[in-house]
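Reading the structure
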Amino acid sequence: MGYQLSEKVRGLKPYTPVAGRCAVRLDANESFVALPPDLRRKIYQAAKKADFRRYPDHKAAKCCKAFAAYYGIQPGCLTAGSGSDELISLILNGFFSRGEKIALAEPDFSMYEFYARGAELEMVRYQKRADYRIDPVELAALVRQENCRGLIFSNPCNPTSQGLRKMAVRNLVRSLPETLIILDEAYMDFWNQTLLTEVEDYDNLIILRTCSKAISSAALRLGFAAAAKKLTKALGALKSPYNVNSLTQEAGTVILKRQDVLREALTDILAGRGFLAGALAKLEQDWAGSPWAFHLLPESRTNFVAICFPAKETQDRMFQYLKSKSVLVRNLPGILRVTVGAPEENQLFLEAFKSAQASGLS
Ligand SMILES: *Cc1c(COP(=O)(O)O)cnc(C)c1O
């Protein structure tokens, strides 16, 4: 018979981003802001000094320090990871045992389910309300009722763009003292409701952040987990020793020290979001009652907007139509997700989106 794959891995399909030839790529929530040439030169200089014979600093101390300084927190509460994806995997595999229950708030970031499955956890699904908001009291009740050992969710949320205010999250964390709360703040640079500065007040909270979105560095694969001492110590013991490579550490340090660049990038992205959301809100009104009628989820707290079509066929058609116009967005269940791009990209997206109306659909 030969070697048999275990059941766990047999049905898995590799993650395949919709790559290809699209001129405008608004599908992965990356930053459209390129790092300026002088900063890039600094990165190259730092890379030149790297000693390739040696393993990287296992604590990634320099880049943790730079991250901590940027966000006004203590470096001692940080664990660096090779993207926050690695940290999600690490936490779900390390802090939980097979068969234990973890709560997910749906819809949410698809990788939670992916890693929870890999860790063979039992998933308890909280369904968000029709407007895609979380009712924190209902969520806490479910977690308690089901005796969940953990709860993971993104805030602000990918793919809904919606956010839960700081006070509500705080209450949630406090009301579930025996549950490990994994709070994924991948998009919190775009909103002001972070719990980062108080993370050490809780012994059941891990906050995840990433350099892939607002920090314009998805290529680096750099993320951070912030938590109180006991959890940080456990994370340090669980992670593979040299998980963040030296080049990423050097580059991350240089980038995170440039508050000026990061703040300007943020301003540009938020301006783009305002433009995109404004234009789509107007179109939502103009198209009401037409075959292409859609709903823009209001108040995006992220670097993307979420568009809902009443019928899946319409959404699929819009997705394909945009693609035929060389504009790639993300087609998710119930949500067409559009990343804020450069001004000219947003313009091209809007023109393509609008021209769908004229292309005929009935
Ligand atoms: C993009 C994203 C991440 C970031 O993952 P990295 O591995 O750091 O690139 C994490 N969580 C959510 C919700 C995201 O959308």
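Values in this document were obtained by computation on a predicted structure and should not be read as measured data.

This part covers the packing of helix α4 (residues 83–94) against helix α5 (residues 110–118). Closest axis-to-axis distance for the α4/α5 pair is 9 Å, and the angle between their directions is 40°. Taken together, α4 and α5 sit at an angle that is classed as oblique. Here the hand of the crossing between α4 and α5 comes out right-handed. Contact residues: α4 offers D85, I88, S89, L92 and N93, while α5 offers M111, Y112, Y115, A116 and G118. Residue composition of the contact of α4 with α5, grouped by class: 6 nonpolar, 3 polar and 1 charged.

What follows covers the site of the ligand. Close to the ligand lie 14 residues, the nearest being D184, T210, S212, K213 and R221. Here D184 contributes a side-chain N or O atom positioned 2.6 Å from a nitrogen atom of the ligand. T210 places a polar side-chain atom, nitrogen or oxygen, 2.6 Å from an oxygen atom of the ligand. Burial of the ligand by the protein chains amounts to 94% of its free accessible area of 380 Å².

Our focus in this paragraph is unusual backbone geometry. With an omega of 0°, the peptide bond between E106 and P107 qualifies as cis. Along the chain, P107 falls in the loop between β3 (101–106) and α5. Cis rather than trans, the peptide bond between N155 and P156 has omega equal to -5°. Here P156 is to be found in the loop between β5 (150–154) and α7 (166–175). Positive phi, close to 55°, is recorded for E120, a residue that is not glycine. Within the secondary structure, E120 is located in the loop between α5 and β4 (122–127). Among the residues examined, E120 registers a relative accessible area of 33% and is labelled partly exposed. The phi dihedral of S326 falls on the positive side, at around 70°, and the residue is not glycine.

In this structure the tally under the stated criterion is 14 aromatic pairs. Ring geometry for Y55 against Y242: centres 4.4 Å apart, planes inclined by 15°, an arrangement best described as stacked. Linking Y55 in the loop between α2 (37–48) and α3 (61–71) with Y242 in the loop between α8 (229–238) and α9 (246–256), this pair joins segments that are 187 residues apart in sequence. With a relative accessible area of 64%, Y55 lands in the exposed category.

Our focus in this paragraph is the domain arrangement of the protein. Taken domain by domain, the protein holds domain 1 (24–30 + 261–358) and domain 2 (37–257). Measuring from the centre of the C-alpha atoms in domain 1 to the corresponding centre in domain 2 gives 27 Å. Here domain 1 packs against domain 2, burying approximately 2,000 Å² in sum over the two surfaces, 61% of which is carbon and sulfur. When residues of domain 1 are sorted by the area they lose upon contact with domain 2, L262, L266 and R301 head the list and together hold 34% of the total. Summed over the shared surface of domain 1 and domain 2, the number is 1 salt bridge. In this structure, the salt-bridge partner of E299 is R133, at a minimum N-O distance of 3.3 Å. Seen at the junction of domain 1 and domain 2, the total is 5 residue pairs in polar contact (both at pLDDT 80 or more).

Scanning the model with the defined rule gives 21 salt bridges in all. Note that R170 and E198 form a salt bridge whose closest N and O atoms lie 2.7 Å from each other. One end of the pair, R170, is in helix α7; the other, E198, is in the loop between β6 (180–184) and β7 (205–210), with 28 residues separating them in the sequence. Of the two residues, R170 and E198, both sit in the buried class. Measuring nitrogen to oxygen at the nearest pair gives 3.2 Å for the salt bridge that ties K229 to E200. Here the residue K229 occupies a position in helix α8, and E200 occupies one in the loop between β6 and β7, the gap between them amounting to 29 residues. Judged by relative accessible area, K229 falls into the exposed class, the value being 57%. For E200, a relative accessible area of 32% corresponds to the partly exposed category. Overlapping salt bridges, with partners in common, bring together E106, E113, R117 and R125 in one network.

Scoring rules and cut-offs
Residues numbered from 1 in each chain as written. Predicted model: local features only at pLDDT ≥ 70, side-chain atom pairs only at ≥ 80, totals over all residues. Heavy atoms only, no water. Axes fitted to C-alpha atoms, helices over the stretch in contact; angles between N-to-C directions. Helix = DSSP H or I, 4+ residues; strand = E, 2+ residues; numbered from the N terminus. Parallel < 35°, antiparallel > 145°, perpendicular 65-115°, else oblique. Left-handed = near helix turned anticlockwise from the far one by under 90°. Contact = heavy atoms within 4.5 Å. Nonpolar A, V, L, I, M, F, W, Y, C, P; charged D, E, K, R; others polar. Near = heavy atom within 4 Å. Polar contact = N/O pair within 3.5 Å; in protein donor to acceptor, adjacent residues only side chain to side chain. Areas by Shrake-Rupley, 256 points an atom, 1.4 Å probe, with all protein chains shown as cover. Buried < 20%, exposed > 50% of the residue type's maximum accessible area, 1.4 Å probe, protein only. Phe/Tyr/Trp six-rings, centres within 6.5 Å; stacked < 30°, edge-to-face > 60°. Domains from an automatic or database assignment. Buried area = accessible area lost by both parts, 1.4 Å probe. Salt bridge = Lys/Arg side-chain N within 4 Å of Asp/Glu carboxyl O.

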